[in-house]
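Structure at a glance
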Amino acid sequence: MSKSVVIVGASMGGLRTAEALRNAGFTDNIAVIGDESHAPYNRPPLSKEVLAKEVTHEAVAFKQRQQTADVVWKFGSPVVDANLDAKTVTTDDGETFSYDGLVIASGLRPRRLDVPNGNVTGRHTVRSLDDAIGLRAALVPGARVVVAGAGFIGCEVAATARGLGCEVTAVAIDEYPMVRPLGPTFAADLQARHETHGVQFRLRRGIADLEGDGALTGVLLDDGELLPADVLVEAISSHCNTEWLNNTNLDLSNGVLADRALRAVTVDGNSVDGVHVVGDLARFANPLFDDVARRIEHWNIPTETGKRVGPVLNAYLSGEGYDELVAQPFTPMPSFWSDQYDLKIQGFGMPALADEIAIIEGSIGGELVMGYYRGGKLVGVVGIGLTSTLMKLRKELMGDA
Ligand SMILES: Cc1cc2nc3c(=O)[nH]c(=O)nc-3n(C[C@H](O)[C@H](O)[C@H](O)COP(=O)(O)OP(=O)(O)OC[C@H]3O[C@@H](n4cnc5c(N)ncnc54)[C@H](O)[C@@H]3O)c2cc1C
């Protein structure tokens, strides 16, 4: 009898899993259900080159590959409930989908500022294509832009907005921009590079309220300073899109806990056969580093997790070779990049785990490679330029994996 896989989340993780299922030999039904109205597209350009130009679906859409041409896509339909006993999911229009295999690929959404006068226009986030279209229209020369949050996305939007001729101030509770992945020395260097391009910073500061009656006119900081503003970009971390799983017994304490085969794990610690999680939502242990389960919000993870789930789920559904595949270790190398002005920051591993940081090559203000160590062992590298050194260190990070 023919089997059905339902994938919830029609973005990169969902698409890559559908491709991997087909590559593994699964020829039965695959349905992908997404709440956005667009076919899967690539998010990184939305804060970088595409935001700097014209934001269109065409500019960011993923290529539809031959092997997934017969996948059924349902767009604009949030899944609102899942029943793991009945093996069904239900969308907000009341349609119920039965599955033999379920893939959780519903990703994240931006966290918003909680302020008393939040009901003003001019507030933006950058997660979706629609978000980026709205923000692009507001980034006109001379616009006074406040970016809340100085992580990857906040820094990229600040750089892009400067390039478009906006006045930009970045506000963050951290002591430096991108301090968590970079550490203080590199992050202070990055701040100086932004300041050279005219970005102002208000660090170790929070946002207390917004000014404006209808349209935003200012952003009030928690030390009383008022920043005049037309545009506020909120890039202050994310929420996990797991509410549709609230009626299950899965461990949803931070994303969805998963085992090494990326099977979802219940609150009692049991792996659920046939139910997998991919992408930003997957919280799994990576033996390259330790046995602590973590989520990794980097672009290569939807692909790596999708490639892991495809063969395992196919084996489960076909009954062939499942136990052997589940027993294999899963050791993806986290890899990330960030484009800001003419800088390409590239990194591998988990630098945020480090207890010691040192420059391996180059120097502050120029090209450099920074090493991140925990207990004397390299756990991450980040650099600007010097790609061949970075690639050598990536191999060292992989060890025998
Ligand atoms: C602006 C931006 C820039 C980035 N830049 C970089 C970068 O430079 N380098 C890097 O390494 N990473 C970057 N990333 C991170 C990278 O894009 C993500 O890691 C990746 O998109 C995660 O893919 P995903 O499929 O897990 O989740 P998502 O891409 O979030 O996809 C989840 C999908 O599920 C949908 N969904 C949610 N709930 C439901 C529901 N109930 N029912 C149906 N559908 C639902 C969502 O709307 C979404 O379409 C960036 C991310 C953003 C937003």
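Residues numbered from 1 in each chain as written. Predicted model: local features only at pLDDT ≥ 70, side-chain atom pairs only at ≥ 80, totals over all residues. Heavy atoms only, no water.

The pairing of strand S18 (residues 256–257) with strand S21 (residues 282–285) spans 2 bridges and is parallel. Of the residues in S21, the one forming a bridge with Leu257 is Arg283. Here S21 runs beside strand S22 (residues 293–295); their pairing, made up of 3 bridges, is antiparallel. By the bridge assignment for S22, Arg283 is matched with Arg295. (Pairing = 2+ DSSP bridges. Helix = DSSP H or I, 4+ residues; strand = E, 2+ residues; numbered from the N terminus.)

Residues Val89, Ile104 and Val145 are the most contacted members of the largest nonpolar core, which totals 107 residues. Discounting chain neighbours no more than four positions away, the residues touching Val145 are Leu139, Cys166, Glu167, Val168, Thr169, Val231 and Val233. Formed by 15 residues, the second largest nonpolar core is a distinct cluster that contains Val120, Val171, Leu216 and Leu221. (Core = buried A, V, L, I, M, F, W, Y, C linked by side-chain atoms within 4.5 Å. Buried < 20%, exposed > 50% of the residue type's maximum accessible area, 1.4 Å probe, protein only. Contact = heavy atoms within 4.5 Å.)

A separate point is the pattern of salt bridges. Taken as a whole and judged by the stated rule, the model has 25 salt bridges. The salt bridge partner of Asp251 is Arg283, with a shortest N-O separation of 3.5 Å. Placement of the pair is Asp251 in the loop between strand S17 (238–240) and S18 and Arg283 in strand S21, with a sequence separation of 32 residues. Measuring nitrogen to oxygen at the nearest pair gives 2.9 Å for the salt bridge that ties Asp290 to Arg374. Pair noted here: Asp290 is in the loop between S21 and S22 and Arg374 is in strand S26 (residues 368–374), with a separation of 84 residues, a long-range link. Shared partners join several salt bridges into a network, and the residues in it are Arg202, Arg205, Asp223 and Glu225. (Salt bridge = Lys/Arg side-chain N within 4 Å of Asp/Glu carboxyl O.)

Before going further, it helps to spend a moment on the packing of helix H1 (residues 12–23) against helix H8 (residues 300–318). Contact geometry for H1 and H8: axes closest at 7 Å, N-to-C directions at 40°. Considering their axes alone, H1 and H8 lie oblique with respect to each other. For the pair H1 and H8, the crossing hand works out as right-handed. Of H8, the residues touching H1 (which contributes Met12, Gly13, Arg16, Thr17, Ala20 and Leu21) are Pro302, Thr303, Gly306, Lys307, Val309, Gly310, Leu313 and Asn314. Class assignment of the residues belonging to the contact of H1 with H8 gives a composition of 6 nonpolar, 6 polar and 2 charged. (Axes fitted to C-alpha atoms, helices over the stretch in contact; angles between N-to-C directions. Parallel < 35°, antiparallel > 145°, perpendicular 65-115°, else oblique. Left-handed = near helix turned anticlockwise from the far one by under 90°. Nonpolar A, V, L, I, M, F, W, Y, C, P; charged D, E, K, R; others polar.)

A word on the domain arrangement of the protein chain. Taken as a whole, the protein chain is organised into domain 1 (4–44 + 61–109 + 239–327), domain 2 (112–236) and domain 3 (342–398). A separation of 31 Å is found between the C-alpha centroids of domain 1 and domain 3. Each partner contributes residues to the interface: domain 1 has 5 residues there, and domain 3 has 8 residues. Summing the contributions of domain 1 and of domain 3, the shared interface buries around 600 Å²; its carbon and sulfur component is 65%. Ranking the residues of domain 1 by area buried against domain 3 places Leu288, Phe289 and Arg294 at the top, with a combined share of 82%. At the boundary of domain 1 and domain 3, one finds 1 salt bridge. The tally of links from domain 1 across to domain 3 stands at 2 residue pairs in polar contact (both at pLDDT 80 or more). In terms of residue class, the side of domain 1 that touches domain 3 is built from 3 nonpolar, no polar and 2 charged. (Domains from an automatic or database assignment. Buried area = accessible area lost by both parts, 1.4 Å probe. Polar contact = N/O pair within 3.5 Å; in protein donor to acceptor, adjacent residues only side chain to side chain.)

Okay, the sheet that holds strand S12 (residues 200–203) next. Pairing in this open sheet of 5 strands is parallel, and the strands run S9-S16-S10-S11-S12 from one edge to the other. The sheet is open, and its two borders are formed by strand S9 (123–124) and S12, each paired with just one other strand. Bridge count between strand S11 (residues 167–172) and S12: 4 bridges; the pairing is parallel. Paired with Val171 across the strands is Arg202, a residue of S12.

Strand S24 (residues 343–349) sits mainly inside the fold: 6 of its 7 residues count as buried. Here strand S23 (residues 335–340) runs beside S24; their pairing, made up of 6 bridges, is antiparallel. Each bridged residue has a counterpart across the sheet, and for Phe336 the counterpart in S24 is Gly347. Hairpin remark: S23 followed by S24, antiparallel, with 2 residues in the connecting loop; positive phi at Tyr341, about 55°. Across 5 bridges, S24 lies against strand S27 (residues 377–384) in antiparallel orientation. Bridge pairing in S27 places Ile345 opposite Ile384.

This part takes up the site of the ligand. Around the ligand lies a shell of 34 residues, among which Asp35, Glu36, Arg43, Lys48 and Asp280 are the nearest. Asp35 places a polar side-chain atom, nitrogen or oxygen, 2.5 Å from an oxygen atom of the ligand. Separating a nitrogen atom of the ligand from a backbone N or O atom of Val79 is a distance of 2.9 Å. Out of a free accessible area of 1000 Å², the ligand has 94% covered by protein chains. (Near = heavy atom within 4 Å. Areas by Shrake-Rupley, 256 points an atom, 1.4 Å probe, with all protein chains shown as cover.)

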